[in-house]
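Descriptive analysis of the structure
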Amino acid sequence: MEYVRLNNGLSMPCLGTGTNTYGKENDEYNGELNGDFSALESAIEMGYRLIDTAISYRNEAGVGKTVKESGIEREAFYLTTKIPPQDEYVKDKETVRKTLDQSLLNLQTDYIDLYLIHKPIEDEDKLKLTWEVLEEFVAKGKIRTIGVSNFSNEDLEKLGEFATIKPAVNQIKSNPTEWNNEWIKFMLDRDIRPQAWGPMKTTDKHRETLSEIGKGYGKTWAQVLLRYQTQRGIVVIPKSHDPENQKANLESLDFLLSDEDMKRITQL
Ligand SMILES: NC(=O)c1ccc[n+]([C@@H]2O[C@H](COP(=O)([O-])OP(=O)(O)OC[C@H]3O[C@@H](n4cnc5c(N)ncnc54)[C@H](OP(=O)(O)O)[C@@H]3O)[C@@H](O)[C@H]2O)c1
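Residues numbered from 1 in each chain as written. Predicted model: local features only at pLDDT ≥ 70, side-chain atom pairs only at ≥ 80, totals over all residues. Heavy atoms only, no water.

So the rule is basically this: UniProt positions are given in the numbering used here, feature names are shortened, and annotations may be inferred rather than shown by experiment.
Looking at an unreviewed UniProt entry, one finds the protein named Aldo/keto reductase, with Alkalibacterium subtropicum as its source organism. Its UniProt record gives the protein a comment under Sequence similarities (unreviewed entry), which states: "Belongs to the aldo/keto reductase family."

Below you can see the structure in the form of C-alpha cells.
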C-alpha cells in the first residue's frame, strides 16, 4: 500500500474501499439493512485497510462488527466516518458529542482515524460548534484526523476563519465526468488532501480511451483511472461488490502512468 501525508503529520492509505451500499438489500443505497457484509469481508481479506463509512449510510455498526471479526488488529485499519449536517446531529455541542460517541460505539473502537463533516453546514454557528467538538475529540485522542466533504472553496475559507485545527481532507466527487481540477488545485495549494468519491463514474467513450491507454501497461480502464488519481495525490475510495474488481482496484497501485498518458487522461 502507498500512503499520503496529511497536514497534521499523520499518513493515510492512498486507496481504500467505499461502503455506501454494503450491508443492504440488493446492494442498493436505500435498501433495507440485511447484515450482509461479505463484500467488506472480501475487501479486508484482500488487503483493504482504509474503510469509508458514514452515519447516513446506516451501516457504521455493520462495518465495525466486520472489522472486529476480521481478527486483524485495530491499528492496521484506517476508519473514516462522517457526521451529517442536519440539526438532529449538530444542533448543539452536546448533540455533536453524542453523535461522535455513538460512532465510536458503532465502530467498536476507542478512536476514529478520520472524521468528516459530510456536507456543508449552512448555519455558521452550528458549523463552528461542530468543528469545535471535533477538535475537542482530537484533543481527547478519540479522533486522529478531522476533515470535511463536499466543501466548496468558500466553505473551506469560512471554516478557516475559526478552525484551530485545519481540515486535513476534503472528500469530493472526482471522475472523468467531473474532474473538478480547479477545486482540487485550491486544496492542494493549501495542503488539504483531496479524496475522490464516486471515482469510477465514466462514459463508454472514457472507458474506450482509458482501455486503449491501459493496453500499454496490461491494465484495465478502471485501473488506469484509479492510478491517474492516486498518481496526482488524490486518495480514492472505489466501492465494489465484486471480489475480482476489488482485487483489480488494489492492483492499480503496481504501475505508473507516463507523463504523456497523464496529460491524455486530464483531457478526457
Ligand atoms: N462524501 C460523499 O458525499 C460521498 C458520496 C458518494 C459516495 N461516497 C463514498 O465514496 C464511495 C465510492 O463511491 P460510489 O460507491 O458512489 O461509486 P464508485 O466507487 O465510483 O463506483 C461504484 C461502481 O463501480 C463499479 N466498479 C468498481 N470497481 C470496478 C472495476 N475495477 N471495474 C469495473 N467496475 C468497477 C462497481 O461495480 P461492481 O460492484 O460490480 O464492481 C460499482 O457499480 C462510496 O461507497 C462512499 O463510501 C461519498
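Now that the structure has been shown, the text picks up again.
1. Quick notes on the overall build of the protein
Formally: Only DSSP runs of H or I reaching four residues or more are called helices, and only runs of E reaching two or more are called strands; each is numbered from the N terminus. Only protein chains enter the accessibility calculation, which uses a 1.4 Å probe; a residue is then buried when its area is under 20% of its type maximum, exposed when over 50%, and partly exposed in between. Any pair of residues with heavy atoms lying within 4.5 Å of one another is described as a contacting pair. Note that accessible areas follow from Shrake-Rupley with a 1.4 Å probe, and for residues the cover is restricted to the protein chains shown. Residues scored as charged are limited to Lys and Arg (positive) and Asp and Glu (negative), so that His and the chain ends carry no count. Charge coordinates come from a single atom per side chain, which is NZ of Lys, CZ of Arg, CG of Asp or CD of Glu.
The number of helices and strands found in the protein is 11 helices and 10 strands. Taking the principal axes of the C-alpha coordinates as reference, the protein spans close to 55 × 40 × 30 Å. Looking at the protein as a whole, 52% of its 268 residues are labelled buried. Considering only contacts in the protein between residues 6 or more positions apart, those separated by 24 or more positions represent 71%. Put simply, the protein shows about 12,200 Å² of open surface, and 47% of that area lies on carbon and sulfur atoms. Charge separation in the protein, taken as the distance between the mean sites of 35 positive and 45 negative side-chain charges, equals 2 Å.

2. Description of a negative patch on the surface
Stated precisely, the cut-off is as follows: Patch membership requires more than 30% relative accessible area and the absence of a salt bridge. Residues of like charge join within 9 Å; the nonpolar side chains Val, Leu, Ile, Met, Phe, Trp and Tyr join within 5 Å. What makes a salt bridge here is a side-chain nitrogen of Lys or Arg within 4 Å of a carboxyl oxygen of Asp or Glu, nothing more.
Negative charge collects at one region of the surface, where Glu25, Asp27, Glu28, Glu32, Asp36, Glu41 and Glu45 lie side by side. For glutamate 28, the location among the structural elements is in the loop between strand S3 (17-18) and helix H1 (38-46).

3. Things to note about the pairing of strand S8 (residues 169-173)
Definition in use: Here, strands pair whenever DSSP counts at least two bridges between them.
Counting buried positions along S8 yields four of five residues, so the element is predominantly enclosed. Pairing geometry for strand S7 (residues 143-149) and S8, over two bridges, is parallel. When the sheet's bridge partners are listed, valine 148 is paired in S8 with asparagine 170. For S8 and strand S9 (residues 193-197), the ladder comprises five bridges, and the chain directions are parallel.

4. As for the UniProt feature "site: Lowers pKa of active site Tyr" (unreviewed entry) in the protein
Selection rule: Polar contacts here mean pairs of N or O atoms no more than 3.5 Å apart (in protein, one a potential hydrogen donor and the other a potential acceptor; neighbouring residues in sequence count only if both atoms are side-chain atoms).
Per the UniProt entry, the sites bearing "site: Lowers pKa of active site Tyr" (unreviewed entry) are Lys82 in this numbering. Relative to the helices and strands, lysine 82 is located in strand S5 (residues 78-83). Classification of lysine 82 as buried rests on a relative accessible area of 0%. Setting aside residues no more than four positions away along its own chain, lysine 82 makes contact with Asp52, Thr53, Ala54, Ile55, Tyr57, Tyr115, Leu116, His118 and Gln171. In terms of polar contacts, lysine 82 uses its side chain to reach the side chain of aspartate 52, at 2.7 Å.

5. Some points on the site of the ligand
Definition in use: Near, as used in this document, describes a residue that has one of its heavy atoms within 4 Å of the molecule or strand being considered. Buriedness for pockets is judged along seven lines, at least five of which must meet protein on both sides within 12 Å for an open set on the 1 Å grid over protein atoms alone, while cavities are sets there where a 1.4 Å probe fits but cannot get out, and lining residues have an atom within 4 Å of a point. Those molecules having more than half of their atoms within 2 Å of a cavity or pocket grid point set are described as sitting in that cavity or pocket. Amino acids outside the nonpolar list (Ala, Val, Leu, Ile, Met, Phe, Trp, Tyr, Cys, Pro) and the charged list (Asp, Glu, Lys, Arg) are all regarded as polar, and Gly is one of them.
Contacts to the ligand come from 24 residues, most closely from Asp52, Gln171, Ser240, His241 and Asn249. Aspartate 52 places a side-chain nitrogen or oxygen 2.7 Å from an oxygen atom of the ligand. Judged by its atoms lying within 2 Å of the grid points, the ligand is housed in the largest pocket. When contributions to the shell around the ligand are tallied by element, the ones reaching two or more residues are helix H9 (221-231) and helix H10 (243-250). Classifying every residue of the shell around the ligand gives eight nonpolar, 12 polar and four charged.

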